[in-house]
Amino acid sequence: MSADFLYGIEVVINGLMAGVLYALVALGFVLIFKASGIFNYAQGVMALFAALTLVGIMEGQVPFSHLINAIFGTEVHHFGWEVPALLAIAFTVLIMIAFAWAVQRFVFRHLVGQEPIILFMATIGLAYFLEGVGDLMWGSDIKTLALGLPQGGSLWVENLTNGLGGDDFYGFFIDKLDMVATVVAAILVVSLIAFAQYTKQGRAMRAVADDHQAALSVGISLNYIWVLVWSLAGIVALVAGVMWGAKSGVQFSLSLIALKALPVLMLGGFTSIPGAIVGGLIIGVGEKLFEYTIGAPYLGGATENWFAYMLALIFLVFRPQGLFGEKIIERV
Amino acid sequence: MKDIIEPYVTPDGRTIGGVLMDMRNITLRFGGVEAIKDISLDIREGEIRAIIGPNGAGKSSMLNVISGFYNPQEGEVWFRGEERPPMKPYQVARLGIARTFQNIALFEGMTVLDNIMTGRLTHMKSGMFWQAIWAGRAETEEVHNREIVERIIDFLEIQAIRKTPVGRLPYGLKKRVELARALAAEPKLLLLDEPMAGMNVEEKEDMSRFILDVNDEFGTTIALIEHDMGVVMDLSDRVVVMDYGRKIGDGTPDEVRNNEQVIDAYLGVAHD
């Protein structure tokens, strides 16, 4: 096989893995949109907040230390302990669940029956609020996420595939972290689908998404389902925050990954879990392949910044509900 | 306390038991408007109880009070011998009170089967994890639930549309699916809000037959609201008549038919 073709395959593989990361972010959007018709602008900030919290807990940082020091004139910054990763993840999950409850209790319970645009505006407010809280709680320094996830290219894959091409081919270069992300995402997606399709709560979630009155009449508590869904979105945000944070450090630009999820959602549809995955993969592969075949040689490169949006735009013209979406036209 | 009411057997052989649902001096206001004014009515176990009245009489409000969608400002609601505190609709549903809606509230995006399965939600007790991996108690539970749902599907003769998304069904069939979903909950009390509204004669006859059969075969207590006087009189054991939020008549169809107040207010028939 020619080296060019093999490099093309490598580009596709790397595109798929990048797509998985996009899909992870998009998943959180889909969950909330599906169950409550809310387009949650704060999803990216939730990923940032979750990652910040995880790092903060692991490093034994005192939350709100700047505030405490300013008020009481103390000098506390660290508890002086380090929390093992698994325990810290468990704590972070608890905090995301508490956050879900608070959002439901203090924001959306008061907005039941409002126009989607108002709910959307509320999530924008929520995004800025959460960004501020994250800053206040854990400080605004760039942090590294020391979860012990493998980094760098996989030598094993390189050696394994070395023999495929000629002398000028050195095997596939695949980031170990991307491989981990793929596995984690696969587990997450399978469990989310199993949850949505087979469990009582998943059925209730679909019911709530469809008709509030009918859901109430069969014994479903709307509040419970909404808290549940926001908690799940929080957990998905944590996973996305961990993966992106491990890749590029935990910093405030992390909240901008939400923007990368938008074209994924337009492609896959706002209401479909498999759609988020397929959409993510198409965008990931599409932008890498476009860069490799057309962007870099003819357009001066850096096409990855806009390719996804262009693809989404084309989709909007020909299939506005996305690949797997349903009746979003009436809803939005 | 009310007197204890003796069970009796109807001419067609059904047993009517004690009081299942007792509404005592219910008053419901929306701002300054009194939708229900000091109404008391009871529903006995195993009977078909109708609430009739002209438009705006407060029938639907009454049904909404029973099903917890509205909480009355005054009065007591007694269910199965206990006073029911103010509740949310989903809590009432979990007590075993199922309902249908005048304007049909179905999950339009789901299939008929999935819609009816949601009626079983309150009966699912196994853990989330076991349900997700379809094992252990969850599996037997699911199989059991499916059997019940299939029986109801057979019963209401909707086998042919089991897998059809509800959004595509015609009006009459939607009404039937909604009844099926309410039945799937195996309710102790079934509330039907105008089950025959907007139907032609044939569909009305079908629906009447289903209501009678449900009551007969499952022994379900049914309370229904209906406009069509003729249908109501044939169906029900006892009828409450409402007008302008007040109760103006209560009794067997024959008693109600001969009640002058009812004739005045509802039937509009001249008498001298």
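Numbers given to residues run from 1 along each chain, matching the order in which its sequence is written. Whichever chain is written first becomes A and whichever ligand is written first becomes 1, with later ones labelled in order. The model is predicted, so local features are restricted to residues of pLDDT at least 70 and side-chain atom pairs to those at 80 or more, both for listing and for counting; the totals for chains, interfaces and linings are taken over all residues.

Some thoughts on the interface of chain B and chain A
In step 1: With 25 residues of chain B at the interface, the matching set in chain A holds 22 residues.
In step 2: Every helix listed is a DSSP run of H or I at least four residues long, and every strand listed is a run of E at least two residues long, numbered separately from the N terminus. Put simply, the parts of the chain that give the side of chain B that touches chain A at least two residues each are helix H2 (89-94), helix H3 (112-118) and helix H4 (128-133) of chain B.
In step 3: Only Asp, Glu, Lys and Arg are considered charged in this grouping, and only Ala, Val, Leu, Ile, Met, Phe, Trp, Tyr, Cys and Pro are considered nonpolar; every other residue, Gly among them, is considered polar. The residue inventory of the side of chain B that touches chain A, partitioned by class, reads 16 nonpolar, five polar and four charged. Working definition of a contact: two residues with C-beta atoms, positioned from the backbone, lying within 7 Å.

Side note on the pairing of strand E12 (residues 246-251) of chain B
Residue and element names in this part refer to chain B.
In step 1: In short, DSSP must find at least two bridges between two strands for them to pair. Inspection of the sheet shows strand E11 (residues 238-243) paired to E12 by five bridges, in the antiparallel sense. In the strand pairing of E12, Val 241 is matched with Gly 249.
In step 2: Counting the residues between successive antiparallel strands, the hairpin from E11 to E12 contains two residues, one of them, Tyr 244, with a positive phi of roughly 45°.

Side note on the sheet that holds strand E9 (residues 189-193) of chain B
Residues and elements named next belong to chain B.
In step 1: The mixed open sheet is built from six strands, whose spatial order is E8-E9-E10-E5-E11-E12. Each end of this open sheet is capped by a strand with a single partner; those strands are strand E8 (97-99) and E12. The sheet shows a mean angle of 15° between the axes of neighbouring strands, taken without regard to direction. To obtain each axis, a line is fitted to C-alpha atoms, and for helices this fit is confined to the stretch in contact; angles are then taken between N-to-C directions over 0 to 180 degrees.

Topic: the environment of A:Gly268
Residues and elements named next belong to chain A.
In step 1: Mapped onto the fold, Gly 268 is located in helix H11 (residues 257-268).
In step 2: Each residue is classed by its C-beta neighbour count within 10 Å, where at least 20 other C-beta atoms makes it buried, 12 or fewer makes it exposed, and intermediate counts make it partly exposed; the C-beta atoms are placed from backbone geometry. Judged by C-beta crowding, with 31 C-beta atoms within 10 Å, Gly 268 ranks as buried.
In step 3: Residues contacting Gly 268, with those up to four places away along its chain left out, are Ala 26, Gly 275, Ala 276, Val 278, Gly 279, Gly 322, Leu 323 and Phe 324.

Examining the packing of helix H4 (residues 85-106) of chain A against helix H10 (residues 222-248) of chain A
Residue and element names in this part refer to chain A.
In step 1: Where H4 contacts H10, the two axes come as close as 8 Å, and the packing angle between them is 140°. With respect to H10, the axis of H4 lies oblique. Read as a crossing pair, H4 and H10 show a hand that is right-handed. Contact residues: Thr 92, Val 93, Met 96, Ile 97, Phe 99, Ala 100, Trp 101, Val 103 and Gln 104 in H4; Asn 223, Trp 226, Val 227, Trp 230, Ser 231, Gly 234, Ile 235 and Leu 238 in H10.
In step 2: The class makeup of the residues in the contact of H4 with H10 is twelve nonpolar, five polar and no charged. If an angle is under 35 degrees, it is roughly parallel; if it is over 145, roughly antiparallel; if it lies from 65 to 115, roughly perpendicular; otherwise it is oblique. Crossings are assigned a handedness: left-handed for a near helix turned anticlockwise from the far helix by less than a right angle, right-handed for a clockwise turn.

A word on the sheet that holds strand E7 (residues 82-83) of chain B
Residue and element names in this part refer to chain B.
In step 1: The four strands are arranged E4-E3-E6-E7 in an open sheet whose pairing can be described as antiparallel. The two strands at the open ends of the sheet, each matched to only one other strand, are strand E4 (33-44) and E7.
In step 2: The pairing of strand E3 (residues 19-30) with E4 spans eight bridges and is classified as antiparallel. The partner of Met 23 across the bridge, within E4, is Leu 41.

Remarks on helix H5 (residues 137-155) of chain B
All names here are of chain B.
In step 1: Expected helix span is given by 1.5 Å per residue-to-residue step, counting one fewer step than there are residues. Taking 1.5 Å per residue as the helical rise, H5 with its 19 residues ought to reach 27 Å, and the 27 Å between its terminal C-alpha atoms agrees with that figure.
In step 2: Structurally, H5 contributes buried residues whose contacts are with H3, H4 and helix H6 (171-184).
In step 3: Once H5 finishes, Glu 157 follows within two positions and takes phi at roughly 55°, a positive value.

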